[in-house]
Structure formats: C-alpha cells, structure tokens
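Chain residues, written in single-letter form:
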Amino acid sequence: MFCLVYKSIASLAFRKIEIAEMLEKARDFNAKNDITGCLIYYKGEFLQYLEGNQIKVLELFDRIKSDNRHHTVELVSYGKIDTREFEDWSMAYEDFLGDNDTLQFLKLLVASYFESPDEAMEPNPTSEYFWRTAKRLLKSGELKKF
Ligand code: FAD
C-alpha cells in the first residue's frame, strides 16, 4: 500500500459547483480503482491525501498534476504504508464553509500544516497525526460529507 500527499493552488475559475462536479467523477474513478483518501480545500488551496496501489496512485497523480483547474502542485510526502487511513472513503472532502467547534479545530490544524508542512517526504508521525485527526473529525459527523 502506498500513500501520497500534495498541495496546490486552485485556479480562480474553480468554483464550488465545479469542485462538486470534479468530486463526483473523482469518487467514481477512485472507487473503481481502490483508491481512497481525503481532499481539503482551504483558502484557495488544496491539500490531498491519496492511498492505494502505488502504480495506480502515481498514474492518478500524473493526471491530477496536469489538471488546469489548479496549479503550483507540490508533493508534500509519499511512501509505503501498512494500512489505509481512509478505508471507507473514495474521497472525503472538507471546505470549511460551515462553522462549529470541530471545524474550527480542523481549520487550525490545516492552517498549521499549510504554514509548516513537514520537510520529510516519507510518511512521518506529524503527517500521520494530521490525517488521523482529520479522519476522526470527518467521521464524527459534525463535518459534512460533500
Ligand atoms: P479529462 O476529464 O479528459 O480532462 C482533461 C483536462 O481537462 C483536465 O486535466 C482539466 O484540465 C480539464 N477539465 C476536465 N474537466 C473539466 C471541467 N469540468 N472544467 C474545467 N476543466 C476541466 N480525479 C480522480 O479520478 N481522483 C481524484 O482523487 C482526483 N482528485 C483531484 C483533485 C484536484 C484538486 C483536482 C483539481 C482534480 C482531481 N481529479 C481527480 C481530477 C483529475 O485531475 C482528472 O481530471 C481526472 O482524473 C480525469 O482525467 P482525464 O485525463 O480523463 O481528464
């Protein structure tokens, strides 16, 4: 099992409705290819975690990189993992448009991740903690499943 995290900047033309449309197609593709993960949209930037078969994840990442709906795609980390973090989610999504304590907490976590992403390319305790917490909050039901 392999995981990969990248961040990017959304193109100005990428609006909410278009994100929803992209997510529908992405979830369908991911489910068929046994790829799971999480996409976070925060202040015009994307942070995505992908996990699954290494070749399939890398092929998908190649397509994602050339998608003109975002730019400045930067690899944050990648590496082998023993088990999935998002086994039930073909692509969990959060865009912070709501407002509650759970969301505020995740927002702080995401802000700190964006401001000082870990330098190491291999999955490490900081990124594992981040995605595990994101998953717990998403699963708590207080955040929406777009
Ligand atoms: P096509 O659908 O043939 O599109 C080719 C290009 O046309 C795209 O790269 C894009 O630049 C443009 N395009 C396509 N549709 C639109 C549209 N509606 N509006 C404007 N331009 C468009 N795909 C997944 O399968 N799984 C994911 O997890 C996933 N995550 C993504 C995360 C982000 C932040 C972004 C921006 C895209 C993501 N995608 C994901 C979509 C992915 O980039 C590809 O569009 C998708 O895999 C289809 O690939 P394709 O080569 O068939 O592209």
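Everything below is about the structure printed above this text.
An account of the accompanying structure is given in this report. (Residues numbered from 1 in each chain as written. Predicted model: local features only at pLDDT ≥ 70, side-chain atom pairs only at ≥ 80, totals over all residues. Heavy atoms only, no water.)

**Observations concerning the pattern of salt bridges**
Part 1: Tallied over the entire structure, the rule returns 7 salt bridges.
Part 2: One salt bridge connects E85 with K135, and the closest N-O pair in it is separated by 3.6 Å. Highlighted residues: E85 in the loop between β4 (70–80) and β5 (92–94) and K135 in helix α4 (residues 125–139), separated in sequence by 50 residues.
Part 3: Salt bridges linked by common partners bring E85, R132 and K135 together as one network. (Salt bridge = Lys/Arg side-chain N within 4 Å of Asp/Glu carboxyl O. Helix = DSSP H or I, 4+ residues; strand = E, 2+ residues; numbered from the N terminus.)

**Here we look at helix α2 (residues 54–65)**
Helical geometry: 3.6 residues make up each α-helical turn, so side chains three or four residues apart lie on a common side.
Part 1: Here α2 spans 16 Å end to end across 12 residues, near enough to the 16 Å set by a 1.5 Å rise per residue.
Part 2: When we look at burial in α2, the residues that qualify are V57, L60, F61 and I64. The buried residues of α2 occupy one face: seen down the axis, they fall within an arc of 105°.
Part 3: Contacts from the buried residues of α2 go to β1 (2–10), α1 (16–32), β3 (45–52) and β4.
Part 4: Put simply, N53 is the residue that caps the front of α2, since its side-chain oxygen is 3.0 Å from the backbone nitrogen of I55. (Expected span 1.5 Å × (residues − 1). Buried < 20%, exposed > 50% of the residue type's maximum accessible area, 1.4 Å probe, protein only. Arc of directions from axis to C-beta. Contact = heavy atoms within 4.5 Å. Polar contact = N/O pair within 3.5 Å; in protein donor to acceptor, adjacent residues only side chain to side chain.)

**Observations regarding the packing of helix α3 (residues 101–115) against α4**
Part 1: Two numbers describe how α3 lies on α4: the axes approach to 11 Å, and their chain directions differ by 155°. By the angle class used here, α3 and α4 are roughly antiparallel. When the axes of α3 and α4 are compared, the crossing they make is left-handed. For the pair α3 and α4, contact is made by T102, F105, L106, L109, V110 and Y113 and by S127, Y129, F130, W131, T133, A134 and L137, respectively. (Axes fitted to C-alpha atoms, helices over the stretch in contact; angles between N-to-C directions. Parallel < 35°, antiparallel > 145°, perpendicular 65-115°, else oblique. Left-handed = near helix turned anticlockwise from the far one by under 90°.)

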